[in-house]
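Listed here are the chains, written in short residue letters.
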Amino acid sequence: MTRILVVNSGSSSIKYQVVEAATGERLASGLVERIGEPLGRIVHRGADGSEVSRELPVPDHTAGFAEMVRAFEETGTPVDELGISALGHRIVQGGGDFIEPTLLDDVVADRIHELGELAPLHNPGHYQAIVAARALFPDLPHVAVFDTAFHQTMPESAYRYAIDPAVASVHGIRRYGFHGISHQVVSRRAAEFLGRPLESLKQIVLHLGNGASACAIDGGRSVDTSMGLTPLAGLVMGTRSGDIDPGALLHLLRAGYSVDELDKLLNQRSGLLGFAGTNDFRDVRAAADAGDADARLALAVYVHRIRHYIGAYLVDLDGADTIVFTAGVGENNAAVRAEVCADLEWFGVRIDPDRNEAPSREARLISTDDSRIAVLVVPTDEEAEIARQAWELVAG
Ligand code: AMP
């Protein structure tokens with residue numbers, strides 16, 4: 001048995017799952033949220049299927065983990081009887097330092113804390129969870145699995161920005177890329193689905209969820225990706241703008257916007273929400289279908305941006321064997337897949353409408369048999385991938 005407790009923490013939340021590393025099977029899961037607020041909440045689903053849900057103050061991450069332990073006890077399997085072999089911590093920003101899963105010790109934990117400068121919304125929360133979890137499970141190995149690590153194979157021409165190298169170096173300004181855990185598991189599962197060696201495939205993976213990014217993958221290695229220094233760059237997202245001329249930000253600063261206002265505008269009030277008033281793709285689609293002009297424009301910009309990245313990556317990769325859709329929107333919305341792939345026959349892309357619209361939770365082909373590029377839908381599973389990578393490291 002190779003059970004991993006996968007921890008995905010934020011500044012005010014801890015998401016956790018117990019995952020069988022060999023199979024990806026879930027044994028228990030839960031979410032502690034509103035940590036540090038007057039009233040927090042835990043929702044837990046135990047190994048026996050029963051649920052615990054309650055509201056109470058959760059002052060910090062240590063208290064959050066204590067609530068998790070209590071919930072495991074109440075649902076019949078105390079956490080120390082689950083046979084957990086290691087913890088896998090999802091870390092959003094690993095900077096240029098971490099190119100693979102890494103065993104957590106004080107030095108690694110401190111570096112993750114320092115990298116909070118580049119990921120102020122993510123790494124500080126990860127660090128608090130690491131400190132609390134290491135104190136709670138001092139005898140188990142803790143593994144940090146980084147969202148940036150998969151993209152550390154990008155060539156310099158892809159990850160460098162054309163600014164003063166001294167400024168870039170002092171401030172760590174370069175493309176790091178994110179969603180790496182998802183791009184990695186999806187590209188591997190796509191190769192398995194096609195029955196071809198990962199090393200032989202050129203893939204374009206489109207992770208379209210509330211956050212969204214595209215990735216060009218050559219032989220299983222990321223060679224370019226749409227997110228940059230931060231997860232704000234690239235595709236249009238639920239609430240994030242994606243690419244925007246940096247000159248627009250200078251213009252707004254001069255027009256009197258504060259840095260915090262700009263941060264909020266770009267990260268929380270843009271994207272689909274900015275155009276259409278909602279960041280839930282289903283609602284945007286429904287509004288567009290009902291004739292709402294703002295929602296139609298939102299979708300048009302959303303699709304236009306994705307197609308630009310496909311074009312760029314077809315050139316980067318010198319053609320592609322497969323285009324893969326994943327995450328909430330990519331897995332579930334046939335219309336957006338059809339729009340993204342429309343009129344690409346010249347490039348070798350032909351969607352089969354029946355295959356595209358057939359609902360399924362499995363990996364599947366949605367292009368025609370004679371489409372030169374195989375278009376796939378492959379469900380992502382970041383927790384299973386974190387468990388797999390943590391176990392691989394611990395098992396040596
Ligand atoms: P994720 O971040 O991967 O959880 O994806 C969240 C996004 O997926 C949200 O915009 C949802 O509206 C969208 N989504 C989830 N289920 C569906 C569905 N059945 N059809 C269309 N979009 C969906």
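An account of the accompanying structure is given in this report. Source: prediction; values computed, not measured.

### What about the pairing of strand S3 (residues 26-33)?
Turning to step 1, where the next piece is worked out: The pairing of strand S2 (residues 13-20) with S3 spans seven bridges and is antiparallel. Bridge pairing in S3 links Lys-15 to Leu-31.
Turning to step 2, where the next piece is worked out: The turn joining S2 and S3, which pair antiparallel and follow one another in sequence, is formed by five residues; a positive phi near 80 degrees is taken by Gly-24.
Turning to step 3, where the next piece is worked out: In the sheet, S3 pairs with strand S4 (residues 40-45) via five bridges, with the strands oriented antiparallel. Within S4, the residue paired with Ser-29 across the bridge is Arg-45.
Turning to step 4, where the next piece is worked out: Counting the residues in the hairpin turn of S3 and S4 gives six residues, including Arg-34, whose phi is positive at 60 degrees.

### With respect to the pattern of salt bridges
Turning to step 1, where the next piece is worked out: Here the structure, examined in full by the defined rule, presents 28 salt bridges.
Turning to step 2, where the next piece is worked out: One salt bridge in this structure joins Glu-74 and Arg-54, with 3.1 Å as the shortest N-O distance. With Glu-74 in helix H1 (residues 61-74) and Arg-54 in strand S5 (residues 51-56), this residue pair connects regions lying 20 residues apart in the sequence.
Turning to step 3, where the next piece is worked out: Overall, the relative accessible area of 42% leaves Glu-74 in the partly exposed class.
Turning to step 4, where the next piece is worked out: Sharing partners across several salt bridges, the network here consists of Arg-188, Glu-192, Glu-385, Arg-388 and Glu-392.

### Quick look at the packing of aromatic side chains
The geometry of an aromatic ring pair comes down to the distance between the two centres and the angle between the two planes.
Turning to step 1, where the next piece is worked out: For the structure shown, the criterion picks out five aromatic pairs.
Turning to step 2, where the next piece is worked out: Summarising the aromatic geometry, the rings of Tyr-16 and Phe-72 are spaced 6.0 Å apart at their centres and angled 45 degrees between planes, so their arrangement reads as tilted. Taken together, the positions of Tyr-16 in strand S2 and Phe-72 in helix H1 put the pair 56 residues apart, joining distant regions of the chain. Per residue, the accessibility class of Tyr-16 equals that of Phe-72, and both read buried.
Turning to step 3, where the next piece is worked out: Taken together, a centroid distance of 5.2 Å and an interplanar angle of 50 degrees make the contact between Phe-281 and Tyr-302 tilted. Here Phe-281, found in helix H10 (residues 281-289), pairs with Tyr-302, found in helix H11 (residues 293-317); they are 21 residues apart in sequence, far enough to count as distant. With respect to class, Phe-281 is no different from Tyr-302; both count as buried.
Turning to step 4, where the next piece is worked out: In this arrangement the basic side chain of Arg-174 is found over the ring face of Tyr-159, its NZ or CZ atom lying 3.8 Å from the centre.

### Structural notes on the site of the ligand
Turning to step 1, where the next piece is worked out: Around the ligand, the surrounding shell consists of Gly-209, Asn-210, Asn-279, Asp-280, Phe-281, Arg-282, Ala-327, Gly-328, Val-329, Asn-332 and Asn-333.
Turning to step 2, where the next piece is worked out: The backbone of Phe-281 places a nitrogen or oxygen atom 2.9 Å from an oxygen atom of the ligand.
Turning to step 3, where the next piece is worked out: Take Asn-332: an N or O atom from its side chain is 3.4 Å from a nitrogen atom of the ligand.
Turning to step 4, where the next piece is worked out: Contact with the protein chains removes 68% of the 500 Å² of surface that the ligand exposes when unbound.
Turning to step 5, where the next piece is worked out: The greatest single-element share of the shell around the ligand, amounting to four residues, is contributed by helix H12 (residues 327-332).

### Structural notes on unusual backbone geometry
Turning to step 1, where the next piece is worked out: The backbone of Arg-34 sits at a positive phi, close to 60 degrees, despite the residue not being glycine.
Turning to step 2, where the next piece is worked out: Structurally, Arg-34 is set in the loop between S3 and S4.
Turning to step 3, where the next piece is worked out: Classification of Arg-34 by relative accessible area gives partly exposed; the value is 29%.
Turning to step 4, where the next piece is worked out: Of note in this structure, Ala-327 is not a glycine but carries a positive phi near 75 degrees.
Turning to step 5, where the next piece is worked out: Mapped onto the fold, Ala-327 is located in helix H12.

### A few points about helix H15 (residues 382-395)
Residues spaced three or four apart along an α-helix face the same direction, because each turn holds 3.6 residues.
Turning to step 1, where the next piece is worked out: An ideal rise of 1.5 Å per residue puts 20 Å on 14 residues; H15 measures up with 20 Å between its terminal C-alpha atoms.
Turning to step 2, where the next piece is worked out: Residues Glu-382, Glu-383, Ala-384, Glu-385, Ile-386, Ala-387, Gln-389 and Ala-390 constitute the buried set of H15.
Turning to step 3, where the next piece is worked out: For H15, the secondary structure elements touched by its buried residues are strand S1 (3-9), S2, S3, strand S6 (84-91), strand S8 (142-146) and helix H6 (180-194).
Turning to step 4, where the next piece is worked out: Gly-396 occupies a position one or two residues after H15 and carries a positive phi of about 70 degrees.

Criteria and thresholds
Residues numbered from 1 in each chain as written. Predicted model: local features only at pLDDT ≥ 70, side-chain atom pairs only at ≥ 80, totals over all residues. Heavy atoms only, no water. Pairing = 2+ DSSP bridges. Helix = DSSP H or I, 4+ residues; strand = E, 2+ residues; numbered from the N terminus. Salt bridge = Lys/Arg side-chain N within 4 Å of Asp/Glu carboxyl O. Buried < 20%, exposed > 50% of the residue type's maximum accessible area, 1.4 Å probe, protein only. Phe/Tyr/Trp six-rings, centres within 6.5 Å; stacked < 30°, edge-to-face > 60°. Lys NZ or Arg CZ within 6 Å of the ring centre and 35° of its normal. Near = heavy atom within 4 Å. Polar contact = N/O pair within 3.5 Å; in protein donor to acceptor, adjacent residues only side chain to side chain. Areas by Shrake-Rupley, 256 points an atom, 1.4 Å probe, with all protein chains shown as cover. Expected span 1.5 Å × (residues − 1). Contact = heavy atoms within 4.5 Å.

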